[in-house]
Amino acid sequence: QQQVKQSPQSLIVQKGGIPIINCAYENTAFDYFPWYQQFPGKGPALLIAIRPDVSEKKEGRFTISFNKSAKQFSLHIMDSQPGDSATYFCAASNGGATNKLIFGTGTLLAVQP
Amino acid sequence: DAGVTQSPTHLIKTRGQHVTLRCSPISGHKSVSWYQQVLGQGPQFIFQYYEKEERGRGNFPDRFSARQFPNYSSELNVNALLLGDSALYLCASSLWDRGLNSPLHFGNGTRLTVT
């Protein structure tokens, strides 16, 4: 119930391509879905987040698509660049007694020049 | 403004020893959380502290403890270290108040190696 399942585990795209990373959850109490980007040796950095009352959110080249009925959400990176090569994590939480995030297992993205 | 700062950046300990990790949150943030990130996996929630009180605890043994100080900085303590405790320990701060989701801002972590 508390898991967030993320796929694929790794992804290779060419520069300019649109990598798509998918996540699925079971707990319908989740109401906050952020995506984090992590470079080697660094902590995760917040990219973009969405709440279930909207189906899509864009910030720059990053877009989250959210399907509440399917309990799935995904990250699209438009016009991907080699500098986007990193590990991406989806996460989920529910507003309540804690600010606890449940993270997915991560997707290692490589953008080739 | 400075982000979340953690110290030390790297640490090597022997099995059975104890360790203390330190975290300073972003100025104005009263909530501090600790996460453990094992290589190749997503971060796992250990603790959240808000206004010096424990607000949440993850599925970790009692060897793990933490506290938050009046200036909102925090310490994570791990006793009787095991090889499996080797991981990146992340601290995150936020403007969280009860019932509200607010973005977590992570530090760069402390890399703990237990030999």
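Just above, that's the structure.
Residues numbered from 1 in each chain as written. Chains lettered and ligands numbered in written order. Predicted model: local features only at pLDDT ≥ 70, side-chain atom pairs only at ≥ 80, totals over all residues. Heavy atoms only, no water.

## Concerning the overall build of chain A
Logical step 1: When its secondary structure is counted, chain A shows 0 helices and 11 strands.
Logical step 2: Listed N to C, the secondary structure of chain A is β-β-β-β-β-β-β-β-β-β-β in terms of helices and strands.
Logical step 3: Relative to its length of 113 residues, chain A is compact, with a C-alpha radius of gyration of 14 Å against a globular reference of 13 Å.
Logical step 4: Each principal axis of the C-alpha atoms in chain A carries an extent, and together these give about 45 × 30 × 20 Å.
Logical step 5: Burial status across chain A gives 45% buried among its 113 residues.
Logical step 6: Put simply, of all contacts in chain A between residues at least 6 apart along the chain, 54% involve residues at least 24 apart. (Helix = DSSP H or I, 4+ residues; strand = E, 2+ residues; numbered from the N terminus. Rg over C-alpha atoms; globule rule 2.2 N^0.38 Å. Buried < 20%, exposed > 50% of the residue type's maximum accessible area, 1.4 Å probe, protein only. Contact = heavy atoms within 4.5 Å.)

## Here's the deal with the interface of chain B and chain A
Logical step 1: On the chain A side, the residues contacting the 23 residues of chain B number 23 residues.
Logical step 2: When the two sides are added together, the surface that chain B and chain A hide from each other amounts to roughly 1800 Å², 51% of it contributed by carbon and sulfur.
Logical step 3: Looking at the side of chain B that touches chain A, the elements with two or more residues in it are strand 4 (31-37), strand 5 (44-50), strand 6 (53-57) and strand 9 (87-94) of chain B.
Logical step 4: For the side of chain B that touches chain A, the class distribution of residues is 9 nonpolar, 12 polar and 2 charged. (Buried area = accessible area lost by both parts, 1.4 Å probe. Nonpolar A, V, L, I, M, F, W, Y, C, P; charged D, E, K, R; others polar.)

## Description of the sheet that holds strand 7 (residues 64-68) of chain B
Residues and elements named next belong to chain B.
Logical step 1: Taken in spatial order, the 4 strands line up as 1-3-8-7 in an open sheet, and their pairing is antiparallel. At either end of the open sheet lies a strand with only one pairing partner, and these are strand 1 (5-7) and strand 7. Recorded for the sheet is a direction-independent mean angle of 15° between the axes of neighbouring strands.
Logical step 2: Examined bridge by bridge, strand 7 and strand 8 (residues 74-78) share 5 bridges and lie antiparallel to one another. The residue bridging Q68 from the neighbouring strand is S74, located in strand 8. (Pairing = 2+ DSSP bridges. Axes fitted to C-alpha atoms, helices over the stretch in contact; angles between N-to-C directions.)

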